[in-house]
Amino acid sequence: MHPIDDPRIGQFLETTFGSEKFSPKISFAELKKLFSPFNDQFKQRGVRIVFIAGTNGKGETAHTLHFLCRQRKISSLMWTSPHILTVRERFQSHAGPISAAELWQQFDQAKRILGDQLKKLSYYEFLFYVLCQWALKTVPEVLILEVGIGGRLDAINVLDPSLCLITSIGRDHVELLGHTYRAILAEKLGITRSSVPLLSTLRLKYCREMVQEFTNVKQIPWIDFFDFSQDFSGWAYFERNHLLAFAALEALMEIQKSAEFVAKNLLEQFNNFQRRSAFPIFQARREQMTLRNKSFIFVGAHNIEGMRELAVYLEKCREGIAEKKSRGTWKSVKCVLVSFSKRSESEIRI
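About the criteria used
Residues numbered from 1 in each chain as written. Predicted model: local features only at pLDDT ≥ 70, side-chain atom pairs only at ≥ 80, totals over all residues. Heavy atoms only, no water. 1 Å grid on protein atoms, 1.4 Å probe; cavity = no way out; pocket = protein on both sides within 12 Å on 5 of 7 lines; lining within 4 Å. Points joined across faces, edges and corners; volume = space filled by probe spheres on them. Helix = DSSP H or I, 4+ residues; strand = E, 2+ residues; numbered from the N terminus. Salt bridge = Lys/Arg side-chain N within 4 Å of Asp/Glu carboxyl O. Pairing = 2+ DSSP bridges. Buried < 20%, exposed > 50% of the residue type's maximum accessible area, 1.4 Å probe, protein only. Polar contact = N/O pair within 3.5 Å; in protein donor to acceptor, adjacent residues only side chain to side chain.

Colleague: A description of empty space enclosed by the protein should follow, citing residues and the corresponding values.
Modeller: Throughout the structure, instances matching the rule amount to one cavity of 30 Å³ or more. Considering only enclosed or pocket space, the largest cavity measures out at about 50 Å³ in volume. The wall of the largest cavity is formed by Arg203, Ser233, Trp235, Ala236, Tyr237, Arg240, Glu309, Val312, Tyr313 and Lys316. Those elements that provide at least two residues to the lining of the largest cavity are α10 (237–252) and α12 (304–319). It is α12 that contributes the most residues to the lining of the largest cavity, four residues altogether.

Encoded structure:
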């Protein structure tokens, strides 16, 4: 437990739900009915909701969009998962993580309202219920929601988005999502709605072709940034996340009126923004720290696709062709340490 947490928070989650895992106790239809009052009130109050799905890059894209909202004085709340040190990390306002006192108050209120229905919810679903409850109290202009696993059956999908983002497709959680890119992408595309814009950064042409077919049938306006920039494949993975977040905010603010406008102007706007403002480093995402006079760069790559992207970036840094701001630090990396936490031992390869 984090030292500044209320001990009741961890105790309640542990005794009520045990460890966090994807284990739905009710059907998605029942879950959607339970959350429908939140959905109705978000619509009535004009809250713009952003869904972010993908195998890798969801968290950084969410954090970057939240950062950009703060820069433009747009009130936003952000939901991400999992957490690293404290469950409060999943609940972020412009002021930072929710306080322990406020979170416990929201827990207490949710328990009273849910009553016997509490037993039907999983660890993740209960926390998301609390997030929605908190959002109704604060009424942000933008609600940023990172998908936990997949998309189609994820708890966030009980709401209706104003904008959808898909960051990447790779093999992770295959026991739930399937072993093929087609099956995995189908789960991610489950977050979309007809007429609701979709933005993506899908490296594989095969995946982009599937999305094109899907969006044509569903009448979804869609842009993938690999399709209109020849140089995009050479960008570092985190730069692609930054651009996707930047494009999302432009879309939310309705600054661009058409796909043609985006293709013509967005990259120039993004490059101008980068020259004026540095994107921050977020927790566990290339975060630099020092221990006993040794410097470390912590990267939370958690699957094969993420590790491959990291390896490509490290090689570019070694060759001196990586993005200038990072080049000096990353060129000096002397070794790479790989740590496995709650992963199967069979995944470890020496």
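Colleague: Requested: an account of the pattern of salt bridges, with residues and values cited.
Modeller: Opposite charge on two side chains allows them to pair when their charged atoms are near. Under the counting rule described, the total for this entry stands at ten salt bridges. Among the salt bridges present, the one from Asp160 reaches Arg193, with a minimum N-O distance of 3.2 Å. With Asp160 in the loop between β5 (142–146) and β6 (163–166) and Arg193 in the loop between α7 (181–188) and β7 (198–200), this residue pair connects regions lying 33 residues apart in the sequence. Salt bridges here are not isolated pairs; linked through shared partners, they connect Lys43, Asp160 and Arg193.

Colleague: Now, about the sheet that holds β7: what can you tell me, with residues and values included?
Modeller: If you walk across this open sheet you meet the eight strands as β4-β3-β2-β5-β1-β6-β7-β8, and the pairing is mixed. Here the strands that pair on one side only, and so sit at the sheet edges, are β4 (96–97) and β8 (222–224). Note: strand β2 (residues 76–79) against strand β3 (residues 91–93), two bridges, orientation antiparallel. If you follow Met78 over to β3, its bridge partner there is Gln92.

Colleague: Give a detailed account of the side chain of Arg88, specifying residues and quantitative values.
Modeller: By secondary structure assignment, the location of Arg88 is in the loop between β2 and β3. Arg88 gets classed as buried once you look at its relative accessible area, which sits at 8%. Within polar-contact distance, the side chain of Arg88 engages the backbone oxygen of Ile98 at 2.8 Å.

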